[in-house]
Amino acid sequence: MTVTLKQSTGPAHTRIYAYGAARGENLVPNDDLVGPIDSSDEWIRQRTGIVTRARASSDVTAIDLATDAVAEAIARSGVAPSDVDAVIVSTISNPKQTPSVSAIVADRVGANPAAAYDVNAACAGFAYGVAQADALIRAGAATYVAVVGTEKLSDIVDPTDRSISFLLGDGAGAVIVGPSDFPGIGPTVWGSDGSKADAVGMNHTLVEFRDGVTPWPTLRQEGPTVFRWAVWEMVKVARRALEEAGVEPSDLAAFIPHQANMRIIDEFAKQLGLPESVAIGRDIETTGNTSAASIPLATHRLLEERPELSGGLALQIGFGAGLVFGAQVVVLP
């Protein structure tokens, strides 16, 4: 006798129910950072578009920020915390290698014993998490999923480094994803190019630090390489995401790219040929680059400032360390 295994199935469609956000409580202006890098407020503004960046105090962790963001997303979604049966956290700044941020956050927000795991895809991590939440729900493996990008990048900054240190901020952005009567999350276009892994990432390993060979590992980047890759290669990814979703640039209500650099954001929008009617997330000006948290933080702020965007289509795209990328079109809650 042959036994046939059962496989779970779920709803045909998913959507994002709500966003939540948490930012570092300290707004750090450019003038506070320019001394060690021999720079100026004017240079930073011209090169990056950043005026201030949000940074958390020493006693606040990426776990704390994630907890606050998820709690807000749950409250706004109308979903009971106990009904959230999976928590996906994207971060590169977990203060410990283990346990996962996600398991702790699930417990803190009342979702215990939800499935929980962390994703290390840097600035593309939120798009990765949304893709996985969509797939888990449509496969019947979960009903409601919390996805959060959280970073405390000030812990891994060298204040004397001119390549990236002045860009970085602290924060967390979260969403609740659940079943839907209509398609609310388009196909995800994602991938990586590990051949350029040295373009942006940590400069040392924890083992080297332990052995006294190197100082504390911090983030570094090759700015021109990252800029060219982000503008020229990621525009192709964004166009593919639009095409696979069956959407034209003129159909969009909003464009929310990873908040890497204002010049990248502006050039990105230009290359895509976005009409003036499309709202563009520019949270980097006052929050800084928060890696995995940047897309949900920018979306959260945009919806706070422009509530009429609710129900419209948004193209979101993340790209970062390891030259990992992910893009999808979503319906804004």
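To be clear, the structure that these remarks concern was listed above.
In this text, all values refer to a predicted model and were calculated from it rather than measured experimentally. (Residues numbered from 1 in each chain as written. Predicted model: local features only at pLDDT ≥ 70, side-chain atom pairs only at ≥ 80, totals over all residues. Heavy atoms only, no water.)

**Notes on a nonpolar patch on the surface**
No. 1: Taken together, the side chains of Leu-206, Phe-209 and Trp-216 make up a nonpolar region of the molecular surface, amounting to roughly 290 Å² of accessible area.
No. 2: Note on placement: Phe-209 falls in helix α6 (residues 206–210). (Patch = residues over 30% accessible without salt bridge, like charges linked within 9 Å, V, L, I, M, F, W, Y side chains within 5 Å. Areas by Shrake-Rupley, 256 points an atom, 1.4 Å probe, with all protein chains shown as cover. Salt bridge = Lys/Arg side-chain N within 4 Å of Asp/Glu carboxyl O. Helix = DSSP H or I, 4+ residues; strand = E, 2+ residues; numbered from the N terminus.)

**Quick word on the packing of helix α3 (residues 62–77) against helix α4 (residues 101–108)**
No. 1: The geometry of α3 relative to α4 is characterised by a closest axis approach of 9 Å and an angle of 45 degrees between their N-to-C directions. One finds that α3 runs oblique with respect to α4. In this structure, the crossing between α3 and α4 has a hand that is right-handed. Note on element contacts: α4 touches α3 through Val-101, Ile-104, Val-105 and Arg-108, opposite Ile-63, Asp-64, Ala-66, Thr-67 and Val-70.
No. 2: Counted by class, the contact of α3 with α4 contains 6 nonpolar, 1 polar and 2 charged residues. (Axes fitted to C-alpha atoms, helices over the stretch in contact; angles between N-to-C directions. Parallel < 35°, antiparallel > 145°, perpendicular 65-115°, else oblique. Left-handed = near helix turned anticlockwise from the far one by under 90°. Contact = heavy atoms within 4.5 Å. Nonpolar A, V, L, I, M, F, W, Y, C, P; charged D, E, K, R; others polar.)

**Section: the packing of helix α7 (residues 223–245) against helix α8 (residues 262–272)**
No. 1: At their nearest, the axes of α7 and α8 sit 10 Å apart, and the two run at 40 degrees to each other. Of the possible angle classes, the one that applies to α7 and α8 is oblique. Here α7 and α8 pass one another in a crossing that is right-handed. Across the interface between the two elements, Phe-227, Ala-230, Val-231, Trp-232, Met-234, Val-235, Ala-238 and Arg-239 from α7 touch Arg-263, Ile-264, Glu-267, Phe-268, Gln-271 and Leu-272 from α8.
No. 2: Tallied by class, residues from the contact of α7 with α8 come to 10 nonpolar, 1 polar and 3 charged.

**Looking at α3**
No. 1: Its 16 residues place the ends of α3 22 Å apart at the C-alpha level, agreeing with the 22 Å of an ideal helix rising 1.5 Å per residue.
No. 2: Residues of α3 that are buried make contact with β1 (13–23), β4 (84–90), α4, β6 (144–152) and β7 (170–180).
No. 3: A positive backbone phi angle near 80 degrees is found at Gly-78, which sits one or two residues after α3. (Expected span 1.5 Å × (residues − 1).)

**What to know about the packing of aromatic side chains**
No. 1: The final tally for this structure, using the stated rule, is 7 aromatic pairs.
No. 2: With centroids separated by 5.3 Å and ring planes inclined at 70 degrees, the aromatic side chains of Phe-255 and Phe-268 adopt a geometry described as edge-to-face. Separated by 13 residues along the polypeptide, Phe-255 in strand β11 (residues 254–257) and Phe-268 in helix α8 bring together distant segments of the chain.
No. 3: Judged by its relative accessible area of 0%, Phe-268 is buried.
No. 4: Between Phe-268 and Phe-319, the aromatic rings sit 6.1 Å apart at their centres with planes inclined by 45 degrees, giving tilted as the arrangement. One end of the pair, Phe-268, is in helix α8; the other, Phe-319, is in strand β13 (residues 313–320), and 51 residues separate them in sequence.
No. 5: Aromatic rings pair up to connect Trp-229, Phe-255, Phe-268 and Phe-319 into one cluster.
No. 6: Arg-15 extends its terminal NZ or CZ atom over the ring of Tyr-17, reaching a point 4.1 Å from the ring centre.
No. 7: It is Arg-162 that lies over the ring of Trp-43; its NZ or CZ is 5.1 Å from the centre. (Phe/Tyr/Trp six-rings, centres within 6.5 Å; stacked < 30°, edge-to-face > 60°. Buried < 20%, exposed > 50% of the residue type's maximum accessible area, 1.4 Å probe, protein only. Lys NZ or Arg CZ within 6 Å of the ring centre and 35° of its normal.)

**Observations concerning the nonpolar core**
No. 1: Counting 48 residues, the largest nonpolar core has Phe-255, Phe-268, Leu-315, Ile-317 and Phe-319 as the members making the most contacts within it.
No. 2: Among the elements of the structure, α1 (34–37), α7, α8, β13 and β14 (324–331) are those that each provide at least two residues to this core.
No. 3: For this core, the element with the most residues is α7, which contributes 10 residues.
No. 4: Among residues more than four places away in sequence, those in contact with Phe-255 are Phe-268, Ala-269, Leu-272, Leu-274, Val-278, Ala-279, Ile-280, Gly-281, Leu-315 and Ile-317.
No. 5: In terms of nonpolar packing, the next biggest core, distinct from the first, is built from 31 residues, Tyr-128, Val-147, Val-177 and Leu-332 among them. (Core = buried A, V, L, I, M, F, W, Y, C linked by side-chain atoms within 4.5 Å.)

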